[in-house]
Amino acid sequence: MMKSGFIGILGRPNAGKSTLLNNVLGEKIAITSDKPQTTRNRITGIYTDLEHDGGDGIQMIFLDTPGIHKPKDKLGTAINETALNTAGGVDVVLLIVDGSKKFGKGDQYILDMLAESESKRVLAINKMDLVSPDAYLELYSRYDESGLFDEIFGISALQGTNIEHLMKCLSGYMYDGPMYYPDDMATDHPERFIVSEIIREKLLRYLDREVPHGIFVEIESYEEKPDITEIGAVICCERTSHKSIIIGKGGRKLKGVGKSAREEIELLLGTKVFLSLWVKVKEHWRNSDRVIKNLGYKDE
């Protein structure tokens, strides 16, 4: 009989959660950047191996959550709630920590939260390629002494180091159960959502550090034609000055974002893409209940 189950990926911003998920699935479904709060929504990644355990098969549903941080606005509070609520409803909590950083108050906050979870708990100390043996042992001991974790691994999500052993461990916590998704499905998010995330990723990489957190992307039109898909997207920012930065001198920065996003969207969709981008100002949107609801965080 097939084994299946749900794994919640938790951690602080920039710990490498999305990089790990993309590595496990062998394809990119979650955007990455070096800026905090890159992941805003919970991303579902579906790993299926029909040959697992002599052919019985296994399906592991990963829930990649936003980085847990000290919120400064309603959006930050909603992002934290998305991550924390996940910990209580999965079979395994996989905590990813950045091994290149020292243990701090934010890490202790997550440990205190995990102490209330009844799920199995596995720790992956990431970025081992950047950590000395002594620093790793110090961090390992700190987490091991908490008594919270069933297993602790050192990994490099970027280089793929020890991912196979981590997956073997996680598979051991799956139960006899159904195949929740078709075996060729890597995520349950619609293409429109992934397209908007690709555009936002390019903005994160092109823009200065103070601008990216004040933007979100809305897909206003999405029309599939025989030989091309036409997409219209609006980039919303908080300030007029930010709008000028996003567009750039002579529109060069926006054109660069559009070109980079279009090329990746074409790979995703397997067809030619005509991408139109506009920039609008929506002041204080991160404290707007309506906008936060439209981004998928609140039901009311």
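Analysis parameters
- Residues numbered from 1 in each chain as written.
- Predicted model: local features only at pLDDT ≥ 70, side-chain atom pairs only at ≥ 80, totals over all residues.
- Heavy atoms only, no water.
- Core = buried A, V, L, I, M, F, W, Y, C linked by side-chain atoms within 4.5 Å.
- Buried < 20%, exposed > 50% of the residue type's maximum accessible area, 1.4 Å probe, protein only.
- Helix = DSSP H or I, 4+ residues; strand = E, 2+ residues; numbered from the N terminus.
- Domains from an automatic or database assignment.
- Contact = heavy atoms within 4.5 Å.
- Axes fitted to C-alpha atoms, helices over the stretch in contact; angles between N-to-C directions.
- Nonpolar A, V, L, I, M, F, W, Y, C, P; charged D, E, K, R; others polar.
- Pairing = 2+ DSSP bridges.
- Phe/Tyr/Trp six-rings, centres within 6.5 Å; stacked < 30°, edge-to-face > 60°.

S.K.: Before we move on, can you summarise the nonpolar core with the specific residues and values?
M.R.: Residues L94, I199 and I265 are the most contacted members of the largest nonpolar core, which totals 54 residues. Looking at this core element by element, the count peaks at six residues for helix α7 (residues 191-206). Shared between two domains, this core takes at least three residues from each, and those domains are domain 1 (2-176) and domain 2 (191-295). Not counting chain neighbours up to four residues away, the residues in contact with L94 comprise I7, G8, I9, L10, L20, V122, A124, L166 and L170. By size, the runner-up hydrophobic cluster in this structure holds 24 residues, among which are V90, V97, I152 and Y181.

S.K.: Residue-level account of the packing of helix α8 (residues 240-247) against helix α9 (residues 252-269), with values.
M.R.: Put simply, α8 and α9 touch, their axes get as near as 5 Å, and they point 65 degrees apart. Residues I245, I246 and I247 of α8 form the contact with α9, whose participating residues are R252, K253 and L254. Of the residues in the contact of α8 with α9, the class split is four nonpolar, no polar and two charged.

S.K.: Explain the side chain of T229 to me, and be specific about the residues and the numbers.
M.R.: Along the chain, T229 turns up in strand β9 (residues 228-237). Ignoring anything within four residues of it in the chain, the contact list for T229 reads Y222, E223, E224, L269, T271, K272, V273 and F274.

S.K.: Describe in detail the pairing of strand β1 (residues 3-11), supporting the description with residues and values.
M.R.: Counted residue by residue, β1 has seven buried out of nine residues, so it is predominantly covered. Here β1 pairs with strand β3 (residues 58-64) via seven bridges, running parallel. Bridge pairing links G8 to L63 in β3. Looking at chain direction, β1 and strand β7 (residues 175-176) are connected through two bridges and run antiparallel. Bridging across to β7, K3 finds its partner in D176. The pairing of β1 with strand β4 (residues 92-98) spans five bridges and is classified as parallel. For I9, the partnering residue across the bridge sits in β4 and is L94.

S.K.: Explain the pairing of strand β8 (residues 216-224) residue by residue, including any values.
M.R.: Alignment of β8 against β9, held across eight bridges, turns out to be antiparallel. Bridging from a neighbouring strand, S221 pairs with G232 of β9.

S.K.: Let's hear about the packing of aromatic side chains: which residues, and what values?
M.R.: Under the defined criterion, the tally for this structure stands at four aromatic pairs. For the pair F6 and Y180, a centre-to-centre distance of 5.0 Å together with 65 degrees between the ring planes defines the contact as edge-to-face. With F6 in strand β1 and Y180 in the loop between β7 and α7, this pair connects stretches of sequence that are 174 residues apart. Seen from their ring centres, Y136 and Y140 are 5.9 Å apart, and the 50 degrees between their planes marks the pair as tilted. Taken as a pair, Y136 and Y140 lie in helix α5 (residues 133-144) at a separation of four residues, close to a single helical turn. Its relative accessible area of 27% is what places Y140 among the partly exposed residues. Put simply, the rings of F103, Y143 and F149 pair up and form one aromatic cluster.

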